[in-house]
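Fold and contact review
Here is how the chains run, residue by residue.
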Amino acid sequence: MFRKVFGNVLNWVYPPSCVHCGKAGSLICDDCFSKLPAVGKHYCSRCGKPLMPKHFCRHCGKSEFSFTACRAPYLYDGPVSAMIKGLKYNGTLGLVPILSKLLADFWEENNWAVDIVVPVPLSEKRKAQRGFNQSEVIAGDFSKKTGLSCDPRILMKQRNTLQQVGLTAEERRENLSGAFAAEPSLVKGKRILLMDDVMTTGSTFSECSSVLLNAGAKAVYCLSVATTPIDHRKHKMPDA
Ligand SMILES: [Zn+2]
Ligand SMILES: [Zn+2]
């Protein structure tokens, strides 16, 4: 209640502006909201990356993923990347209900049979620096909207890793190796929906999935708000 009143007062003193175009009035204006870049109906059924019609996924051809499947409703581009950056780097928590609503709406039409939602964890150090884990706050709000239960204690990040930005796929895998740990008593026999803000190469999802499967999970599905498009000209993906 206090937070709501305080939030309203803050909105009055500092009216929100669109994180993408700067237009005053709301965190994402109607115009930008109407242009969210969707992945569309041609995508890889395994990794969720957008595909050209009748093409095989080049991304999956080079990678061995441990998750069953991965999906994202949007591309990490334009207003979607502006919202995710606004949350992550500016701490604009007012974007959480907007992002989780987008995911919940997508989930209603594209759901898997799962038992529990698990956010991709940050290390304690990174979480303390940022003040929150963006995946955890999105997953928490998503679970309220969908009625699925969510348990952030299931997966922990037990050591710091380098920023994934700028690393090759191979370096990302090495960087993440042994970084995560799962609580077997909470995982055994469960079908897990692993949630993150952005999927880039899929190495984080894959590493977390293999830790969860080794701890006894029955299956791991992955869902992120956005996925980076594959740049076929450069044969690599831009960084999140
Ligand atoms: Zn706008
Ligand atoms: Zn694929």
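Each chain carries its own residue numbering, running from 1 in the written order of its sequence. Both sets of labels track the order of writing: A upward for chains, 1 upward for ligands. This being a predicted model, a pLDDT of at least 70 is required before a residue's local features are given, and a value of 80 or more before pairs of side-chain atoms are given or counted; all residues contribute to the totals for chains, interfaces and linings. The basis for the side-chain values is all heavy atoms of the structure; hydrogens and waters are excluded.

**A look at the overall build of the protein chain**
Counted only if it meets this: A run of H or I in DSSP becomes a helix once it reaches four residues, and a run of E becomes a strand once it reaches two; helices and strands are each numbered from the N terminus. We compute the radius of gyration over the C-alpha atoms and compare it with the globule rule, which gives 2.2 Å times the number of residues raised to the power 0.38. Only protein chains enter the area calculation, which uses a 1.4 Å probe; residues under 20% of their type maximum are buried, those over 50% are exposed, and those in between are partly exposed. Only heavy atoms matter for contacts: two residues are in contact if any of them lie within 4.5 Å across the pair. Computed by Shrake-Rupley with a 1.4 Å probe, the accessible areas treat only the displayed protein chains as cover when residues are assessed. For the purpose of counting charges, residues Lys and Arg are taken to be positive, whereas Asp and Glu are taken to be negative. His and the chain ends are not included. Each charge is placed at NZ for Lys, CZ for Arg, CG for Asp and CD for Glu.
Helix and strand counts for the protein chain stand at ten helices and eight strands. Compactness check: the protein chain gives a C-alpha radius of gyration of 18 Å against a globular reference of 18 Å for 240 residues, within 12% of the reference. Seen through its C-alpha atoms, the protein chain measures out along the principal axes to roughly 50 × 45 × 35 Å. Burial status across the protein chain gives 47% buried among its 240 residues. Taking the contacts inside the protein chain whose residues are at least 6 apart along the sequence as the reference set, 71% of them involve residues at least 24 apart. Accessible surface computed for the protein chain: about 12700 Å², of which carbon and sulfur atoms make up 54%. Averaged over its 32 positive side-chain charges, the protein chain has a centre that lies 2 Å from the centre of its 21 negative ones.

**A few points about the side chain of aspartate 197**
Inclusion rule: Any pair of N or O atoms that falls within 3.5 Å is considered a polar contact. Within protein, one atom must be able to donate a hydrogen and the other to accept it, and sequence-neighbouring residues count only if both atoms are side-chain atoms.
Positionally, aspartate 197 belongs in strand E7 (residues 191–199). The class of aspartate 197 is buried, set by a relative accessible area of 3%. Only 2.9 Å separates the side chain of aspartate 197 from the side chain of lysine 88, close enough to count as a polar contact. Dropping the residues within four chain positions of it, aspartate 197 is found in contact with Ile84, Lys88, Gln134, Ser135, Ile138, Ser224, Val225 and Ala226.

**As for the coordination of the zinc ion (ligand 2)**
Spelled out, the test is: Here the coordinating atoms are restricted to nitrogen, oxygen and sulfur within 2.8 Å of the metal centre, or 3.2 Å for Na, K and Ca, and because water is not among them the sites may look incomplete. Every angle between 85 and 135 degrees makes a four-donor site tetrahedral, while opposite donors more than 155 degrees apart, with all other angles between 65 and 115, make a four-donor site square planar and a six-donor site octahedral; other sites are irregular.
For the zinc ion (ligand 2), every protein donor is listed as Cys44 (SG), Cys47 (SG), Cys57 (SG) and Cys60 (SG), and the spread of their distances is 2.3 Å. Seen from the zinc ion (ligand 2), its four donor atoms lie at angles of 104 to 119°, and the figure they make is tetrahedral. Between consecutive donors of the zinc ion (ligand 2), the numbers of intervening residues give the motif C-x2-C-x9-C-x2-C. Here the residue cysteine 44 occupies a position in the loop between helix H2 (30–33) and helix H3 (58–62), and cysteine 57 occupies one in the loop between H2 and H3, the gap between them amounting to 13 residues. The same class applies to cysteine 44 and to cysteine 57, which are both buried.

**Notes on the coordination of the zinc ion (ligand 1)**
Summarising the metal site, the zinc ion (ligand 1) is bound by the protein donors Cys18 (SG), Cys21 (SG), Cys29 (SG) and Cys32 (SG), whose distances to it range over 2.3 Å. Classification of the site at the zinc ion (ligand 1) as tetrahedral follows from its four donor atoms and the range of 102 to 118° in their angles at the metal. In primary-sequence terms, the residues that donate to the zinc ion (ligand 1) follow C-x2-C-x7-C-x2-C.

**Quick look at the nonpolar core**
To keep it simple, the criterion reads: As used in this record, nonpolar core signifies buried Ala, Val, Leu, Ile, Met, Phe, Trp, Tyr and Cys residues forming a set joined through side-chain atoms within 4.5 Å. All domain edges in this entry derive from an automatic or database-based domain assignment.
Ranked by internal contacts, the top residues of the largest apolar core, which has 35 residues, are Ile84, Leu99, Phe142, Leu193, Met195 and Leu223. Among the elements of the structure, helix H4 (78–90), helix H5 (96–109), helix H7 (134–146), E7 and strand E8 (219–227) are those that each provide at least two residues to this core. Among the elements that make up this core, the one with the highest residue count is H5 (seven residues). Taken together, domain 1 (1–35) and domain 2 (39–227) each give at least three residues to this core, which thus spans both. Setting aside residues no more than four positions away along its own chain, leucine 99 makes contact with Met83, Ile84, Leu87, Ile138 and Val225. Listed in part, the 29 residues of the second largest apolar core include Ala182, Met199, Cys208 and Leu212.

**Regarding the pattern of salt bridges**
Counted only if it meets this: Definition used for salt bridges: Asp or Glu carboxyl oxygen within 4 Å of a side-chain nitrogen of Lys or Arg.
Counted by the stated rule, this structure contains eight salt bridges. In this structure, glutamate 170 and arginine 173 form a salt bridge, with 3.1 Å as the shortest nitrogen-oxygen distance. Of the two residues, glutamate 170 and arginine 173 are both situated in helix H8 (residues 169–176); the distance of three residues between them amounts to about one turn of the helix. Taking the relative accessible area as the measure of exposure, glutamate 170 reaches 44% and is therefore partly exposed.

**A look at H4**
Definition in use: The length a helix should cover is 1.5 Å for every residue beyond the first.
End to end, H4 covers 17 Å across 13 residues, agreeing with the expected 18 Å (1.5 Å per residue, within 8%). Every buried residue of H4 is accounted for by Pro79, Val80, Ser81, Ala82, Met83, Ile84, Gly86, Leu87 and Lys88. Two residues or fewer after H4 comes glycine 91, characterised by a positive phi angle close to 65°.

**Some words on the side chain of serine 209**
You can see serine 209 is positioned in helix H10 (residues 203–214). Judged by its relative accessible area of 0%, serine 209 is buried.

Keep in mind these values describe shape, not function.
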